[in-house]
Amino acid sequence: LLRQATGSPPASPGRDRCPKRGSVQAARAMAAAATSRLYYSVYVINKSGSISYERWVSPLPAPETTANDHIRMASTLHTVYNMAAQVAPEGTSGIREVRTSAVTIFTLPTPTGITFVVTAPPDTRVKVADAAVLFRRLYRSYADIILKDPFANPDQPIRSADFTAAVVDIMSGR
């Protein structure tokens, strides 16, 4: 069947072009490829609901959006999240995941008032628990790079090359 679909015989295990199975490089390459297909973008929303950071991380081409589109999305999500947190039962914190026919949105509110948002394809296999691990790594990088910078203001846009490099590494599975 494989020969019919591709027109060539399947490669033998000893002659494939990828690193040896079980090698660290192969595992990292597979994790990076899987992670980059699982997410579209990362947003950091400040306490007032303004967007502080936005990065498209998918290998797919980014949609044509304007700065106003990002601001509108951040402020709407911030407002809906705060309303949901007020009406949520005691002991819960509001919205963690929103699934639509176009996108899946995961959120993480932090003790500092910053909200991390990750968007994913609508048919993603990612669960809230998986996103929580990703959010922990993003928040740790934010705390290490942005909050430790004496000149950084949490209400201003994030323009740190180090933070961008950390986001790219985290989202690519490194």
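Rules of the game
- Residues numbered from 1 in each chain as written.
- Predicted model: local features only at pLDDT ≥ 70, side-chain atom pairs only at ≥ 80, totals over all residues.
- Heavy atoms only, no water.
- Helix = DSSP H or I, 4+ residues; strand = E, 2+ residues; numbered from the N terminus.
- Buried < 20%, exposed > 50% of the residue type's maximum accessible area, 1.4 Å probe, protein only.
- Contact = heavy atoms within 4.5 Å.
- Areas by Shrake-Rupley, 256 points an atom, 1.4 Å probe, with all protein chains shown as cover.
- Axes fitted to C-alpha atoms, helices over the stretch in contact; angles between N-to-C directions.
- Parallel < 35°, antiparallel > 145°, perpendicular 65-115°, else oblique.
- Left-handed = near helix turned anticlockwise from the far one by under 90°.
- Nonpolar A, V, L, I, M, F, W, Y, C, P; charged D, E, K, R; others polar.
- 1 Å grid on protein atoms, 1.4 Å probe; cavity = no way out; pocket = protein on both sides within 12 Å on 5 of 7 lines; lining within 4 Å.
- Points joined across faces, edges and corners; volume = space filled by probe spheres on them.
- Phe/Tyr/Trp six-rings, centres within 6.5 Å; stacked < 30°, edge-to-face > 60°.
- Pairing = 2+ DSSP bridges.
- Core = buried A, V, L, I, M, F, W, Y, C linked by side-chain atoms within 4.5 Å.

**Considering the overall build of the protein**
Here's step 1: In terms of regular secondary structure, the protein is built from five helices and five strands.
Here's step 2: Along the protein, from the amino end to the carboxyl end, the secondary structure elements read α-α-β-β-α-β-β-β-α-α.
Here's step 3: Counting every position in the protein, which comprises 174 residues, the buried fraction comes to 33%.
Here's step 4: Across the protein, every contact between residues at least 6 apart in sequence was considered, and the portion connecting residues at least 24 apart equals 50%.
Here's step 5: For the protein, the exposed area adds up to about 11100 Å²; of that, 57% sits on carbon and sulfur atoms.

**Details of the environment of S93**
Here's step 1: Within the secondary structure layout, S93 lies in the loop between helix 3 (67-87) and strand 3 (97-99).
Here's step 2: Under the relative-accessibility criterion, S93 is labelled partly exposed at 27%.
Here's step 3: Considering only alpha carbons, one finds S93 and Y81, 12 residues apart in sequence, at a separation of 9.0 Å.
Here's step 4: Contacts of S93, omitting those with residues within four sequence positions, involve Y81 and A85.

**Looking at the packing of helix 4 (residues 128-147) against helix 5 (residues 161-171)**
Here's step 1: The geometry of helix 4 relative to helix 5 is characterised by a closest axis approach of 10 Å and an angle of 165° between their N-to-C directions. Classified by the angle between their axes, helix 4 and helix 5 sit roughly antiparallel to one another. Pair helix 4 / helix 5 crosses with right-handed handedness. On helix 5, the residues touching L134, R137, L138, S141, Y142, I145 and I146 of helix 4 are D162, F163, A166, V167, I170 and M171.
Here's step 2: Taken together, the residues that form the contact of helix 4 with helix 5 break down as 10 nonpolar, one polar and two charged.

**Some thoughts on the layout of surface pockets**
Here's step 1: Of the pockets and cavities examined, the largest pocket occupies roughly 280 Å³.
Here's step 2: Elements supplying a minimum of two residues to the lining of the largest pocket: strand 1 (41-45), strand 2 (51-56) and helix 3.
Here's step 3: Among the elements that take part in the lining of the largest pocket, helix 3 stands out by supplying three residues, more than any other.
Here's step 4: The residue makeup of the lining of the largest pocket, split by class, is eight nonpolar, four polar and two charged.

**Looking at the packing of aromatic side chains**
Here's step 1: Per the counting criterion, the structure on display carries six aromatic pairs.
Here's step 2: Measuring from ring centre to ring centre gives 6.4 Å for Y139 and Y142, while their planes differ by 15°; the resulting arrangement is stacked. Taken as a pair, Y139 and Y142 lie in helix 4 at a separation of three residues, close to a single helical turn.
Here's step 3: Exposure remark for Y142: the relative accessible area of 2% places this residue in the buried category.

**Digging into the sheet that holds strand 1**
Here's step 1: Pairing is antiparallel in the open sheet, where five strands are placed in the order 2-1-5-4-3. Looking at the sheet topology across the chains shown, the edges are occupied by strand 2 and strand 3. Strand-to-strand twist across the sheet, computed as the mean angle between neighbouring axes with direction ignored, equals 15°.
Here's step 2: As defined by bridge partners, strand 4 (residues 104-109) adjoins strand 5 (residues 115-120) across six bridges and the pair is classed as antiparallel. Its bridge partner lying in strand 5, P109 is registered against T115.
Here's step 3: Across the sheet, helix 3 lies against strand 1, strand 2, strand 4 and strand 5, angled at about 65° from strand 1, the strand it touches most.
Here's step 4: Seen against the sheet, helix 4 touches strand 1, strand 3, strand 4 and strand 5 and runs at an angle of roughly 130° to strand 5.

**As for the nonpolar core**
Here's step 1: Ranked by size, the top nonpolar core spans 23 residues in total, and within it Y39, L138 and M171 carry the most contacts.
Here's step 2: Sorting the residues of this core by element identifies strand 1, strand 5, helix 4 and helix 5 as the ones contributing at least two each.
Here's step 3: With six residues, the top contributor of residues to this core is helix 4.
Here's step 4: If we ignore the near neighbours within four places in the chain, the residues touching Y39 are V57, S58, V118, T119, A120, P121, V126, L134 and M171.
Here's step 5: Counting residues in hydrophobic clusters, the runner-up holds nine residues, among them Y43, A74, L77 and I105.

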